[in-house]
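# Chain and residue survey
What follows is the residue order along each chain.
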Amino acid sequence: MHELPQQLVNGLLLGSMYGLVAIGYTMVYGIVQLINFAHGEIFMTGGFGALTVWLILPTGTTMWLALPLMLIGAIIVATTIAVGAERFAYRPLRTAPRLAPLITAIGLSLALQQAVWAWYPEAKSSRTFPEISGGPFHLGSVTIQTGDIFLLIAAPICMAILAFFVMKTRTGRGMQATAQDPDTAKLMGINTDRIIVVAFALGAAFAAVGAVAYGLKYGEVNFRMGFILGLKAFTAAVLGGIGNIYGAMLGGLALGIAETMATAYINDIPGMQQLGGQSWADVWAFVLLIVVLLVRPQGLLGERVADRA
């Protein structure tokens, strides 16, 4: 039990990363009813965008100076790819049967993986990501690594910005109207195409922040890193209630805590010693999804778009 505070903090940090990526899934689904399975790879390209900025900076540049530039580079790369995907891959299929954009998203996911591998042949094995010097920091029995400081600061700021944008700005209210009824929103003068582009761009920007946090936390990036984390982020979006932006972050936190706790404590349960450890972390994440869907199919905060029809 003396490790419980540390495990809770680990789970909150991991869940915050899941939540940042899950926001992109839930925003796009809430507006256009599309599960963008390429979103995990958009997260991955953000990580390599940040790495590219680091590699072109002059030797000797301090990480504290480079980090803002890396973050900007990650956001530019991720949002450019996301907006391009919406314009050229998804928009032409907007009126097509739902299976067509779903298959397109899977194909785009594979294409982005191979494109990054071709651009960074070394990405077949993990590329080292720069680290922030200093730390770790100790708060009582809790230890926070230096790489986690960025995530600890960035996640609340991103959620505050998103909440303000959605609730207080004209575009944010347009997003709510489009999610509720796109046809009526269009009749009221809302440019739904622009709203959809904004949703893709915002989701990609938050995924890019998550990618930088991933690189700082684990010290590496690779071209496959978006696959499993993307699936977990989608799981977080479903847990919270797909289409609900606050539910995406809540689902991410719940998933991160559950995964961390299961990894740390499942070995202590008699007869389950073989089901613990990091190798089972992915399994327990999806077990949680199944349990929640059996008990509450609409997710923790409910599906905002469930009654659109």
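See the structure printed just above.
Residues numbered from 1 in each chain as written. Predicted model: local features only at pLDDT ≥ 70, side-chain atom pairs only at ≥ 80, totals over all residues. Heavy atoms only, no water.

With that settled, the discussion passes to the pattern of salt bridges. Counted according to the given criterion, the structure contains five salt bridges. One salt bridge in this structure joins Lys232 and Glu259, with 3.0 Å as the shortest N-O distance. With a gap of 27 residues between them, Lys232 in helix H9 (residues 225-240) and Glu259 in helix H10 (residues 245-265) connect regions that are remote in the sequence. Judged by its relative accessible area of 4%, Glu259 falls in the buried class. When salt bridges that share partners are traced, they join Glu86, Arg91, Arg94 and Asp193 into one network. (Salt bridge = Lys/Arg side-chain N within 4 Å of Asp/Glu carboxyl O. Helix = DSSP H or I, 4+ residues; strand = E, 2+ residues; numbered from the N terminus. Buried < 20%, exposed > 50% of the residue type's maximum accessible area, 1.4 Å probe, protein only.)

We now examine the packing of helix H3 (residues 63-90) against helix H4 (residues 99-119). Relative orientation of the contacting elements H3 and H4 amounts to 135°, with a least axis distance of 11 Å. As summarised for this structure, H3 and H4 are arranged oblique, according to the angle between their axes. Along this stretch, H3 crosses H4, giving a crossing that reads as right-handed. Residue-level inspection shows Ile81, Ala85, Ala89 and Tyr90 of H3 in contact with H4, the latter providing Pro101, Thr104, Ala105, Leu108 and Leu112. Along the lines of polarity and charge, the residues of the contact of H3 with H4 split into eight nonpolar, one polar and no charged. (Axes fitted to C-alpha atoms, helices over the stretch in contact; angles between N-to-C directions. Parallel < 35°, antiparallel > 145°, perpendicular 65-115°, else oblique. Left-handed = near helix turned anticlockwise from the far one by under 90°. Contact = heavy atoms within 4.5 Å. Nonpolar A, V, L, I, M, F, W, Y, C, P; charged D, E, K, R; others polar.)

Our next topic: the packing of H9 against H10. Running from N to C, H9 and H10 point in directions that differ by 115°, and their axes come no closer than 7 Å. Between H9 and H10 lies a crossing whose hand is right-handed. Residue-level contacts link Lys232, Thr235, Ala236, Ala237, Leu239 and Gly240 of H9 to Gly247, Ala248, Gly251, Gly252, Leu255 and Glu259 of H10. Residue composition of the contact of H9 with H10, by class: five nonpolar, five polar and two charged.

Glancing now at the side chain of Thr26. In this structure, Thr26 sits in helix H1 (residues 4-32). Judged by relative accessible area, which is 0%, Thr26 ranks as buried. Among the polar contacts listed, one links the side chain of Thr26 to the backbone nitrogen of Asn244, at a separation of 3.1 Å. Sequence-distant contacts of Thr26, defined by excluding residues within four places in its chain, comprise Ala237, Gly241, Ile242, Gly243, Asn244, Ile245 and Ala248. (Polar contact = N/O pair within 3.5 Å; in protein donor to acceptor, adjacent residues only side chain to side chain.)

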